[in-house]
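What the coordinates show
One-letter residues, chain by chain:
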Amino acid sequence: MKLNTKYVSLLLLLIAALITMYSAYGFVTNRQDSDGLSIGVVRLDDLLEFNDSYEDYKIAKFELEQMENQYSLEQTALNQKAQLQEEQLKEVALHDTLTDALNVELQARIGIKENELNQELNAKRQELSETYLAQLKVAQKGYDLEIVNLQLDLYALDGRIYISEEQKAAADAERNQKEARLKELLEKRKPSDVDIEAIQQKIQAELEPLRTKGEQELIAYAESVQAELAKKRDEMLQNQVKEIISKNNLPVAQEWNESWAKRLADKEAEVAALHDAILEDVRMRAAIIAEEKQLELVLIDAGGNIKGLDITDAIKASYRVQ
């Protein structure tokens, strides 16, 4: 009896669909004689290894599993490394040692500059004091010059700019010492024709422009040094950051992911192509044998619960005779 053309078409369509849906074959149940069809069954797992490409398929599948494991391990290691790097960078940003050291340098350099300006001011004060006292027509006592200088020193201390509490405390101690000495000298000095206050006012008036100029110069110098040290701090921090990043040598995340995605996709495509080629070969052989045995339907039997003519051995034989 010839195979009905209608059933041949149905057979080929069903075989193609069922083999493509290989992962879902387990849902097929016993359909023997449900529609009066002559059914053939195939144990697919028993046939795969007969195909010439099966070893290549096994190797490619094993390589894919190895690549997936390697990807997972590398991803875990890189995540841990990235977390460690983040903690190291955070520690650099929050560490105060560098900033504290630069603040000490800032105060030291400003203190040196301040002393230089004060020395210039003191030298000019000494010069003016000696000049005005020498112009007096009355005899001056030995401590008149010291009184003038002490009064001018106290005035200078009142107008000085302090960059730290330590400097202010030192200046307060110096002021107390000079005030005590001035009080002592004034008690010794009796009223005379020497107008110490007038001399002090003249000297103070002449020193005022120099004092103002010095204060402005000190402020400008402090701002300049602060900017210089801030730049130095930023450069040092950047160098520390670069050193940490260089030491960890993490790949660019996007490039790493894209590289792995391509490698895995290529290997998956290779495995799928080999798998599809093997299934297509089985499908073609099953179609030929089904026609020879006048079967109207061939099903994949994954659990031994489908009733029908088992053509698995016949397909195996087809491989042996080629």
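Residues numbered from 1 in each chain as written. Predicted model: local features only at pLDDT ≥ 70, side-chain atom pairs only at ≥ 80, totals over all residues. Heavy atoms only, no water.

1. Topic: the confidence of the model for the chain
Here is the rule we go by: The predictor's confidence in any single residue is recorded as pLDDT, a number from 0 to 100. Helix and strand definitions follow DSSP, with helices as H or I runs of at least four residues and strands as E runs of at least two, each counted in order from the N terminus. The contact definition used throughout considers only heavy atoms, calling two residues in contact when any of these lie within 4.5 Å.
Summarising the model, the chain shows a mean pLDDT of 79, and 80% of its residues fall at 70 or more. The least confident element of the chain, judged by mean pLDDT, is helix H1 (residues 5-20) at 39; the most confident is helix H7 (residues 253-292) at 93. Confidence drops under a pLDDT of 50 for residues 1-34, and excluding neighbours within four residues, the segment shows 46 contacts in the predicted structure.

2. A look at the packing of H7 against helix H8 (residues 312-320)
The condition that has to hold: Fitting a line to C-alpha atoms yields each axis, with helices limited to the stretch in contact; the angle taken between N-to-C directions then spans 0 to 180 degrees. Note on angle classes: values under 35 degrees are labelled roughly parallel, values over 145 roughly antiparallel, values of 65 to 115 roughly perpendicular, and the remainder oblique. Two helices crossing with the near one rotated counterclockwise from the far one by less than a right angle form a left-handed crossing, whereas a clockwise rotation gives a right-handed crossing. Classification convention: Asp, Glu, Lys, Arg as charged; Ala, Val, Leu, Ile, Met, Phe, Trp, Tyr, Cys, Pro as nonpolar; all other residues, Gly among them, as polar.
Two elements in contact, H7 and H8, have axes separated by 10 Å at closest approach and are oriented at 110°. If you check the angle between H7 and H8, you find them roughly perpendicular. In terms of crossing hand, the pair formed by H7 and H8 is right-handed. Only Ala314, Ile315, Ser318 and Tyr319 of H8 make contact with H7, whose side of the interface consists of Asp281, Val282, Arg285, Ala286 and Ile289. By residue class, the composition of the contact of H7 with H8 is six nonpolar, one polar and two charged.

3. Some details on the packing of aromatic side chains
Which entries qualify depends on this criterion: Working definition: a ring pair exists when centres of Phe, Tyr or Trp rings (six-membered ring for Trp) sit within 6.5 Å. Plane angles under 30 degrees give stacked, over 60 give edge-to-face, the rest tilted. Comment: the charge-over-ring label is applied if NZ (Lys) or CZ (Arg) is within 6 Å of the ring centre and within 35 degrees of the ring normal.
Summed over the entire model, instances satisfying the criterion amount to five aromatic pairs. Each residue in the set Tyr71, Trp256 and Trp260 is aromatic and connected to the rest through ring pairs, giving one cluster. We note Lys113 situated over the ring of Tyr221; from NZ or CZ to the ring centre the distance is 5.6 Å. It is Arg285 that lies over the ring of Tyr319; its NZ or CZ is 3.8 Å from the centre.

4. A look at the nonpolar core
Across soluble globular proteins, nonpolar side chains have a tendency to be buried as a group. Keep this limit in mind: Take the buried Ala, Val, Leu, Ile, Met, Phe, Trp, Tyr and Cys residues and link them wherever side-chain atoms come within 4.5 Å; each set so joined is a nonpolar core. For every residue, the accessible area obtained with a 1.4 Å probe (protein chains only) is divided by the maximum for its type, and the residue is called buried under 20%, exposed over 50%, and partly exposed between those limits.
Counting 26 residues, the largest nonpolar core has Val42, Leu44, Leu48, Tyr57, Ile311 and Ile315 as its most contacted members. Those elements giving two or more residues to this core turn out to be helix H2 (54-94), H7, strand E2 (297-300) and H8. The greatest single-element share of this core, amounting to eleven residues, is contributed by H7. Leu128, Tyr132, Leu152 and Leu207 belong to the second largest nonpolar core, which has nine residues in total.

5. Some points on the environment of Leu237
Following the sequence through the fold, Leu237 ends up in helix H6 (residues 196-248). Taking relative accessible area as the criterion, Leu237 reaches 25% and is therefore assigned partly exposed. As for Leu237 and Ala93, which are separated by 144 residues in sequence, their C-alpha atoms are 7.7 Å apart.

6. Notes on H7
For the record, the criterion: What a helix should span is 1.5 Å times the count of its residues minus one.
For H7, with 40 residues, the first-to-last C-alpha span of 58 Å sits near the 58 Å given by 1.5 Å per residue. Phi turns positive one or two residues past the end of H7, at Gln294, with a value near 55°.

7. Looking at unusual backbone geometry
With a phi angle near 50°, Asn249 is a residue other than glycine that sits in the positive phi range. Counting through the fold element by element, Asn249 comes out in the loop between H6 and H7. Its relative accessible area of 62% is what places Asn249 among the exposed residues. Positive phi values are uncommon outside glycine, yet Gln294 reaches one of about 55°. With respect to the element layout, Gln294 can be found in the loop between H7 and E2.

8. Considerations on the sheet that holds strand E1 (residues 39-42)
Cut-off, in case you're wondering: Strands were regarded as paired on the criterion that DSSP finds at least two bridges between them.
An order of E2-E1-E3 is seen for the three strands of this open sheet, with the pairing classed as parallel. Every interior strand has two partners, whereas the edge strands, E2 and strand E3 (309-310), have only one. Sheet topology places E1 next to E2; four bridges connect them, and they run parallel. From the neighbouring strand, Val41 faces E2, where its bridge partner is Leu299.

9. With respect to the side chain of Lys178
Residue placement: Lys178 occurs in helix H5 (residues 165-188). Excluding residues that lie within four positions of it along the chain, Lys178 makes contacts with Leu150, Asp153, Leu154 and Leu157.

10. Looking at the packing of H2 against H7
For the pair H2 and H7, the least separation of the axes is 9 Å and the interaxial angle reads 160°. Relative to H7, H2 is oriented roughly antiparallel. Note on packing geometry: the crossing formed by H2 with H7 is left-handed.

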